[in-house]
Each structure stands twice: as C-alpha cells, then as structure tokens.
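Structural overview for review
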Amino acid sequence: MSTSPEKNRAAWGSTILVFAVLLLNNLWEADRCPLAGTEGHRAIAAHQMAESGQWLFPKLYGQVYLRKPPLHYWMLAGLEKITGLSGEWIWRIPSVVAAGFTAAFLCFMAARWFGPPAGLVSGLSYLALLVLWSQNRSADVDAVNTLFSVIAACSLIELRSGRGPRPLPWSLLLAAAFGAALLVKGPACLPLVLGTVVGLSLAFRSWSWLRRPAVWGGLVLGLLIFFSWAVTAWMTLRAGNQPVDLSGVDEATSRIFFTSLKDIPRIIALPVVLLVYGLPLSFVLPFAFHSALRLNGADSSGPIVRSLTASFFSALLVGILAGLHNPRYGYLVLPLLCPLAGAVALALQEGRLPAPLQRSVLSLLAFSALGFTALHLGLLGMVWHSVGVDFPLVVAGTLALVLCVAALTAWLLNQPLAIGRTLILLLLLTTIPFARFNNGQRARRSGLHTSQSLRRVIKDSGRVSARNMVFFQPEIFYYAGVRVDALTGSPESQAPEKDCWMVLHWKELQKWQAEAPGRLSCVTRLPTAKMGVYAAWYTAPQSK
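Just so it is clear, the model here is predicted, and its values are computed rather than measured. In this numbering scheme, every chain counts its residues from 1 along its sequence in written order. Reporting of local features is limited, given that this is a predicted model, to residues whose pLDDT is at least 70; pairs of side-chain atoms are given and counted only at 80 or more, and all residues count toward the totals for whole chains, interfaces and linings. The side-chain numbers reported here are obtained from all heavy atoms of the structure, hydrogens and water having been left aside.

**Quick notes on the packing of aromatic side chains**
Here a ring pair, both rings aromatic, is described through the centre-centre distance and the interplanar angle of the planes. Where we set the bar: For Phe, Tyr and Trp, rings pair up if their centres lie within 6.5 Å, where Trp contributes its six-membered ring, and each pair is then called stacked (planes under 30 degrees apart), edge-to-face (over 60) or tilted (otherwise). Numbered from the N terminus, helices here are DSSP runs of H or I no shorter than four residues, and strands are runs of E no shorter than two.
Here the structure, examined in full by the defined rule, presents 15 aromatic pairs. Where tyrosine 65 meets phenylalanine 471, the ring centres are 5.9 Å apart and the plane angle is 20 degrees; that geometry is what we call stacked. Note that tyrosine 65 is positioned in the loop between strand S2 (63-64) and helix H3 (71-83) and phenylalanine 471 in helix H19 (residues 468-472), a separation of 406 residues in sequence. A network of ring pairs unites the aromatic residues Trp91, Tyr478 and Tyr479 as a single cluster.

**Some thoughts on the environment of threonine 431**
Applicable threshold: For each residue, the accessible area found with a 1.4 Å probe, counting protein chains only, is set against the maximum for its type, and the residue is called buried under 20%, exposed over 50%, and partly exposed in between. Whether two residues are in contact is decided by their heavy atoms: any pair within 4.5 Å suffices. We call two N or O atoms a polar contact when they sit within 3.5 Å, provided that within protein one can donate a hydrogen and the other can accept it, with sequence-adjacent residues counted only if both atoms are side-chain atoms.
By the element assignment, threonine 431 lies in helix H17 (residues 416-445). On the basis of relative accessible area, threonine 431 is assigned to the buried category, the value being 3%. Taking the C-alpha atoms as reference points, threonine 431 and asparagine 25, separated by 406 residues in sequence, lie 6.2 Å from one another. Residues contacting threonine 431, with those up to four places away along its chain left out, are Asn25, Trp28, Trp133 and Arg137. At 2.3 Å, the side chain of threonine 431 forms a polar contact with the side chain of asparagine 25.

**Overview of the packing of helix H16 (residues 391-412) against H17**
This is how it is decided: Whenever a helix is involved, its axis is fitted only over the stretch in contact; in every case the axis is a line through C-alpha atoms, and angles between N-to-C directions fall within 0 to 180 degrees. Relative orientations are named as follows: roughly parallel for angles under 35 degrees, roughly antiparallel for angles over 145 degrees, roughly perpendicular for angles from 65 to 115 degrees, and oblique for any other angle. Working rule for handedness: look at the near helix, and if it is turned counterclockwise from the far one by less than a right angle, call the crossing left-handed; if clockwise, right-handed. As a working rule, the residues Ala, Val, Leu, Ile, Met, Phe, Trp, Tyr, Cys and Pro are called nonpolar, Asp, Glu, Lys and Arg charged, and the rest polar, with Gly in that last group.
Between H16 and H17, whose axes approach to 9 Å, the crossing angle comes to 160 degrees. By the criterion of interaxial angle, the relationship of H16 to H17 is roughly antiparallel. Like other packed secondary-structure pairs, H16 and H17 cross with a definite hand, here left-handed. Where H16 abuts H17, its residues Pro392, Leu393, Ala396, Leu399, Ala400, Leu403, Ala406, Ala407, Ala410 and Trp411 lie against Ala418, Ile419, Thr422, Leu425, Leu426, Leu429, Ile432, Pro433 and Arg436. The residue makeup of the contact of H16 with H17, split by class, is 17 nonpolar, one polar and one charged.

**A closer look at helix H5 (residues 116-125)**
In terms of burial, H5 is a largely internal element, seven of the 10 residues being buried. If you check which residues of H5 are buried, you get Pro116, Ala118, Gly119, Ser122, Gly123, Leu124 and Ser125. Tucked into the core, H5 has its buried residues touching helix H1 (4-27), helix H4 (88-113), helix H14 (337-349) and H17.

**Notes on the pairing of strand S3 (residues 463-466)**
Worth spelling out the cut-off: The pairing criterion for strands is at least two bridges between them, as found by DSSP.
Sheet analysis places S3 next to strand S4 (residues 483-486), joined by four bridges and oriented parallel. By the bridge assignment, valine 464 is partnered in S4 with valine 484.

**Things to note about the sheet that holds S4**
What the five strands build is an open sheet, ordered S4-S3-S5-S7-S6; its pairing is mixed. The sheet is open, and its two borders are formed by S4 and strand S6 (520-526), each paired with just one other strand. Direction aside, the axes of adjacent strands within the sheet are offset by 30 degrees on average. In terms of strand pairing, strand S5 (residues 500-505) meets strand S7 (residues 533-538) through six bridges, oriented antiparallel.

**Considerations on the pattern of salt bridges**
What counts, and what does not: The rule for a salt bridge is simple: a side-chain nitrogen of Lys or Arg has to be within 4 Å of a carboxyl oxygen of Asp or Glu.
Within the structure shown, the criterion is met by 11 salt bridges. Where glutamate 29 meets arginine 436, a salt bridge forms, and the shortest distance between an N and an O atom there is 3.0 Å. Separated by 407 residues along the polypeptide, glutamate 29 in the loop between H1 and helix H2 (39-52) and arginine 436 in helix H17 bring together distant segments of the chain. Under the relative-accessibility criterion, arginine 436 is labelled partly exposed at 21%. Here glutamate 39 ties to arginine 442 by a salt bridge, and the two come within 4.0 Å at their closest N and O atoms. Taken together, the residues glutamate 39 in helix H2 and arginine 442 in helix H17 connect sequence positions 403 residues apart.

**Observations regarding the environment of leucine 159**
Within the fold, leucine 159 resides in helix H7 (residues 142-161). Considering only alpha carbons, one finds leucine 159 and arginine 212, 53 residues apart in sequence, at a separation of 9.1 Å. Discounting residues that sit within four places of it in the chain, leucine 159 has contacts with Pro167, Trp170, Ser171, Leu174, Arg212, Ala214 and Val215.

Such coordinate-based values are descriptive only and should not be taken to indicate function.
Here you go:
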C-alpha cells in the first residue's frame, strides 16, 4: 500500500499534468482572432488603465466604466506592465491560466478527498465541459470568475467536512476566493457560493456548522474585501463630482434576478439546460446516489460525495429562486461534476460498482467517444464550409476517427482505462477544429472590419467623437488607431466645439439629425455584425 508521501507526490504530479494539459488545450491559436463581444470592454479598459496608471476603477476612453468590478482589469493591466506587451494573446492569458488552475485545483481537491487516481480523472474531466471552452480562451471575465467561485465552494465543503486539524488556511482561502470572485464579476458567484452553503446545510440537516468562526469569518472577510474597494471607489467618484456608474448593478439585476414574467419559462428550464450543457459529465449524478460510493458509509469520502451532489443541486435551486435565466451565469456550477466523476472512476477501478453499473459506465464512455467524434467532424465540416481545411485539420479528423474506433474496441474488450485515455486524446484533437471555428465566429462579430472601414472614411484624421459606440464596441477605435473624444450629453448640451468626425449608433444618428439639423454631412454606414453604425462629418456652429 502506498505511503502518504508517495500519495502526495502522485497528487502533485497529477495536478501539474492537468494544468499543463489545460494550458495546451486553451493556448492553441488563442491569439489568431481579434477582440469580439465584450472582450474589448475588458481588454481596452485594462490597456488604458496600464497606460494611465489610474488603477482604482476602469475607464473606457476617459469615461468611468463600472460594468464589472476591477480585479480582472487589474490582472490584464498588471500583465501588460510586467511583460511590456499588449494584444489579444496577452489579454487572453489570464483566462487560459485561470482555466488551467481551475482544473488543477479540482484535481488537487479530488486527490485529497478520494485519492490520486480520482484526482487525475477529476482534473482531466474538466476538458469534457465543452461549454466552457470558449470562455477559457477569451479576454472576458468568466473563466477567472469560475476559478474563484469553485475555490470558494470547495473551501466551504472542506470546512464543513472538518477533515483537517487546522481550518485557518481553508478559511483564509475561502475569504480570498470569495472576495476575488466578487471583485471579478460581482454577485455572479453567489448562485454557487450560496448554493454550496444551503446544500451542505440541507444534506447534513444542520446549520450549526455556519457558526464556526472559520466559516462565517471567511465569508465575512470576503465581503469586506469587496466592500473596501466599493466604498473607496464610490467616495473617490463623489469627491471628484463624477457620476456613479451603476450599469453593472443594472446588468446583474437584469441577467441574474427575476425581472419579467416572460423570463419564467427560461428560469424553469435552466437546470435542464445546464445538465445538457454538462454532458457527458452530468451522467455521473445518478451514480452519486449509489451505495457503492459510500454515501452513508464509514469511509470519509462518502460525506464529500454527498456534499458535492447537494451543493450542485442547491446551486441550481438558488439560481431558480433568484430568477437566473441566462445559462452563461450558471456555467460556474458545472465544475462540481468533475470530482464526482473522479469518485465514480475510483469506484469502478476498485471494483465497488456492481457488474451492471460497470457496464453502464463503460457504455457511457463509449457513447461519449462517439459524441466527441461527431462534434469533431461537425466542427471540421463547418470550418471546411467557411474557410476551407488544411493539413492539421485533415490529420486531426483522421486521428479522431481512429481514436473513436479504438474507444469502441476498448469498450468491447472491457478496458475502461483505455477508453478514458482515448477520450482525453480525442478532446485534445477537437481543440484544433474548435479553435478555427471559434476564431471564425469571433472574427465575424469583432469590430475589426468596422475599424478598417472607419479608417478609410476618415483618412488621415486621428481623432473622432463618439458616445454609445464607446460602450457598444470599443475595439473599433482601438483597431482604427484613433483617439476618442467621448460625448457625455445630448446634441444640444454636448456638441463638439470644433469640426470633427463622429461615430454614431443609428439611433444617435437620428437624434443628431433631428436636434442638430444640417450639422452632419458625409454620412457613411460602416459594416458591422449586428447594429447600424455610421461615420459622419460634424460641422460646428461657428464654422458654418
């Protein structure tokens, strides 16, 4: 039997391996597409933070931008300062590393709870959460928020279990992770954190564990970390007579909490949607209730399995009660399935599962291989249709078919370890067509093409005035290489004092044409993915 030092070396070895695999998966071609969606809001605000040296709160082209708290911006801006580099690759590195740390942390915790073999399966199974792949190679906040939220949830489970003689390190980890999650995406972490608190209390029919100083102290300290920044930022803004931007609060309210009757069907359907998004890992949930995993036995891993299962379902329940209707805000719950997958894999390896359940697990692994192969070929087909294929894509597709056949052969030969290995290789190969497909989607949604058209329209001018488009697609101005004078009021109150080019959303254009007739000329529509954007020459009153 392995000694404790040998188990520790195996656990740390698995953790490092998992981290390296996730880095390889998410770094592949992560720099080969422009900023898209809300990536520009994070990256450009962080870039300007690094340039200006104003770190308390982010700004977009001089306008205070508090759609999200500042920690993610600090990370991106800090990396710029350290490396002296900027660009898509630098701005996406924090998400890539955060995804690697999330998988590595799940590996470490599962190894601690169940043993090193379960840890390795837990960490590598994070790859199977395909719905997270896009956020893991993005400049946005979601991967970082998932990391800190998962650490906070696992710290709560560890504190409830009372496995270690010294709870202080876990309490401090809880405080740091909870505070960091709030500083990354505000209340978006609460479904998982509160779900874990409620789930653990209901699963063990006691709320008394919350009275432990290590538990409530960690939660309170996390809140204090967040509010120390929030109060400082609010006082600074008020002292400078700057408007307090509550857009982040409004967004959280509209995206997370119940605001309209029309959201009810989506709220009710959310758990089912998340379970579907979590496939094939969602299939481990029925096994968590089987006695083979010692849910009620003397083994200390049994309460952990119960804790993970209860936390997962309670997080879904908290989401329903809060009116959560955007599935993206529920993705951070899915990583709790990974340690459960590790526990099931260990039970299979040790022969604790009855023969029918063993065949069920093997069949699920084989069907997963078929599903991943179909996904791989589907992505390959879409890439082929849009941009064509090259040698790496052809090789990856061929190898995917070979691995699928190998997995089915291992299934027939009753070799679960061989199936697992082929699944990991198949997922890593799927990175190649996925990266091409994802990059193509981002390129179509990006403001890069708009910026090129804007540059042709304004020619040698290096400055434009804009308002709404600063907050809609800030990457347009970054890629165009122009300075922006942000308009903060109506055409009547904030008209530019000098002739200039303006970039206007179509609604703004109508307003300016109505309230400042005759001032706009050379109106040119710019190509965009989903909104009408115009460049127009503005003639100031004294120039007419």
